[in-house]
Amino acid sequence: FNEISWLVDEPTYREDPAYSYSTLAKFERGGFSSIDTLFDKVSSPSLTFGSMVDTLLTDGQDAFDKRFFVASFPSITDTLASIAKQLYSLYGETCSTIYYIKNSDILDVINAAQYQTRWKDETRINDVTSKCAEYYSQLLIAGDREIVSMDDYQDCLNCIFALKESESTKDYFVQDGPWDNKERYYQLKFKGNYEGINLKCMADLIIVDYDKKTVTPCDLKTSSHFEYEFPKSFLQWSYFIQAQLYWYIIRQNMDADQYFKDFKLENYRFIVINRKTLNPLVWEYPDTKVVTD
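Description of the structure in this document.

1. Here we look at the overall build of the protein
Phase 1: In terms of helices and strands, the protein carries 11 helices and 8 strands.
Phase 2: Considering only C-alpha atoms, the protein reaches an extent of 70 × 45 × 35 Å along its principal axes.
Phase 3: Out of the 293 residues belonging to the protein, those deemed buried represent 47%.
Phase 4: Accessible surface for the protein amounts to roughly 16,500 Å². Of this, 49% is attributable to carbon and sulfur atoms.
Phase 5: Each charge sign in the protein was given a centre, from 31 positive and 45 negative side chains, and these centres are 2 Å apart.

Okay, here's the thing in structure tokens:
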């Protein structure tokens, strides 16, 4: 099945200007005023954690270690982490410690972040340097890898264990074998087209059953909601767009292949897990094949 996919690496996929789910969902939420920022890169702790689980579960430990650096450091706020990252981006090549950076340069970054604007400048600088020093040092060691905490890494391992052991999800992630004539493909990429508009998608998991001639597309979601509250997330993040778009693109590629055109493409499945409750559930979207405006 991978032979009918778009065989490129992830950086190439990310750089391609074709429309993706994230682009369409941003427009769905933001309307015309969001057009200028549709292709801006978005990062958040929740997105990072989701990428950790995706990478370790689907690509393995080596791929995880190339992308993430697990560090043990005192917990700091997202704002301070952002300040440390900006300082590293500007001065990491010339300053081996945050204390080597000029106070005036640190203050410029603090002001841009609007951090503790009511404090005296000297107090703000001392606060940032003391709280960000260790994080800055870890950034130097990590290089181009993303720093994640030991706590996040342990939660990631817990999620993967639950996904592989839970009765509701273990069959999705079992290793392929000759006993069931199924193949599981992770992170396959596809290109498509709708009325002259280029589209793209990258599916977390696709299960091909050669006996039943079915293809089941799946997406893994790490959610802050309880697993049984997934409909809230489904509406909040417009996942119906993802299900319908991915199904449409994959079906288009299957229809163009003499062998897989006769296979049935099932409704999209969302495999959902909360890092605290660890009670994974699988949700099927019944309107996957419906064309909506």
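2. Quick word on the pattern of salt bridges
Phase 1: In this structure the tally under the stated criterion is 16 salt bridges.
Phase 2: Note that aspartate 155 and lysine 276 form a salt bridge whose closest N and O atoms lie 3.6 Å from each other. With aspartate 155 in helix 8 (residues 150–165) and lysine 276 in the loop between strand 7 (269–273) and strand 8 (281–284), the pair connects residues that are 121 residues apart, well separated along the chain.
Phase 3: The residue glutamate 229 makes a salt bridge to lysine 232 at a minimum N-O spacing of 3.4 Å.
Phase 4: Members of the salt-bridge network, linked through shared partners, are Asp152, Asp155, Arg275 and Lys276.

3. Considerations on the side chain of threonine 48
Phase 1: Inspection of the secondary structure assignment puts threonine 48 in helix 3 (residues 45–58).
Phase 2: Among the polar contacts made by the side chain of threonine 48, one reaches the side chain of glutamate 146 at a distance of 2.9 Å.
Phase 3: Once residues within four sequence positions are removed from consideration, threonine 48 is found in contact with Phe68, Glu146 and Val148.

4. Points about the nonpolar core
Phase 1: Ranked by internal contacts, the top residues of the largest apolar core, which has 32 residues, are Phe1, Phe190, Ile206, Val208, Met254 and Phe270.
Phase 2: Elements that contribute at least two residues to this core include exactly helix 2 (21–30), strand 3 (182–194), strand 4 (197–209), helix 10 (230–236), helix 11 (239–255) and strand 7.
Phase 3: Excluding residues within four positions of it along the chain, isoleucine 206 makes contact with Phe1, Glu183, Arg184, Tyr185, Leu188, Phe190, Val215, Thr216, Pro217 and Ile250.
Phase 4: Listed in part, the 27 residues of the second largest apolar core include Ile83, Ile106, Cys132 and Ala142.

5. Comments concerning the environment of alanine 25
Phase 1: Within the secondary structure, alanine 25 is located in helix 2.
Phase 2: A relative accessible area of 1% places alanine 25 in the buried class.
Phase 3: Considering only alpha carbons, one finds alanine 25 and glycine 196, 171 residues apart in sequence, at a separation of 20 Å.
Phase 4: Sequence-distant contacts of alanine 25, that is, excluding residues within four places in its chain, are made with Trp237, Ser238 and Ile241.

6. Here's the deal with the packing of aromatic side chains
Each aromatic ring pair is summarised here by two numbers: the centre-to-centre distance and the angle between the ring planes.
Phase 1: As enumerated under the stated definition, the model contains 28 aromatic pairs in all.
Phase 2: Look at phenylalanine 234 and tyrosine 285: their rings are 4.9 Å apart centre to centre, the planes differ by 50 degrees, and that puts the pair in the tilted class. Of this pair, phenylalanine 234 sits in helix 10 while tyrosine 285 sits in the segment after strand 8, placing them 51 residues apart in sequence. Like tyrosine 285, phenylalanine 234 is buried.
Phase 3: Each member of the aromatic cluster is reached from another via a ring pair, and the members are Tyr21, Phe230, Phe234, Tyr239, Tyr246, Tyr268, Phe270, Trp283 and Tyr285.
Phase 4: The ring of tryptophan 6 carries the charged tip of lysine 191 above its face, separated from the ring centre by 4.8 Å.
Phase 5: The ring of tyrosine 13 has lysine 200 lying over it, and the distance from NZ or CZ to the ring centre is 4.6 Å.

7. Examining the environment of alanine 142
Phase 1: As for its placement among the helices and strands, alanine 142 is situated in helix 7 (residues 121–142).
Phase 2: On the basis of relative accessibility, which here comes to 4%, the residue alanine 142 falls in the buried class.
Phase 3: In sequence terms alanine 142 and glutamine 116 are 26 residues apart; their C-alpha atoms lie 28 Å from each other.
Phase 4: The contacts of alanine 142, once residues within four sequence positions are left out, are Phe69 and Ile147.

8. Points about the packing of helix 6 (residues 103–113) against helix 7
Phase 1: Across the interface, helix 6 lies against helix 7 with an axial gap of 10 Å and an inter-helix angle of 90 degrees. Classified by the angle between their axes, helix 6 and helix 7 sit roughly perpendicular to one another. Contacts between helix 6 and helix 7 involve Asn103, Ile106, Leu107, Ile110 and Asn111 on the former and, on the latter, Asp121, Arg124, Ile125, Val128 and Thr129.
Phase 2: Taken together, the residues of the contact of helix 6 with helix 7 sort by class into 5 nonpolar, 3 polar and 2 charged.

Reading guide: rules and limits
Residues numbered from 1 in each chain as written. Predicted model: local features only at pLDDT ≥ 70, side-chain atom pairs only at ≥ 80, totals over all residues. Heavy atoms only, no water. Helix = DSSP H or I, 4+ residues; strand = E, 2+ residues; numbered from the N terminus. Buried < 20%, exposed > 50% of the residue type's maximum accessible area, 1.4 Å probe, protein only. Areas by Shrake-Rupley, 256 points an atom, 1.4 Å probe, with all protein chains shown as cover. Lys, Arg positive; Asp, Glu negative; His and termini not counted. Charge placed at Lys NZ, Arg CZ, Asp CG, Glu CD. Salt bridge = Lys/Arg side-chain N within 4 Å of Asp/Glu carboxyl O. Polar contact = N/O pair within 3.5 Å; in protein donor to acceptor, adjacent residues only side chain to side chain. Contact = heavy atoms within 4.5 Å. Core = buried A, V, L, I, M, F, W, Y, C linked by side-chain atoms within 4.5 Å. Phe/Tyr/Trp six-rings, centres within 6.5 Å; stacked < 30°, edge-to-face > 60°. Lys NZ or Arg CZ within 6 Å of the ring centre and 35° of its normal. Axes fitted to C-alpha atoms, helices over the stretch in contact; angles between N-to-C directions. Parallel < 35°, antiparallel > 145°, perpendicular 65-115°, else oblique. Nonpolar A, V, L, I, M, F, W, Y, C, P; charged D, E, K, R; others polar.

Read these as layout, nothing more, since geometry by itself doesn't imply function.
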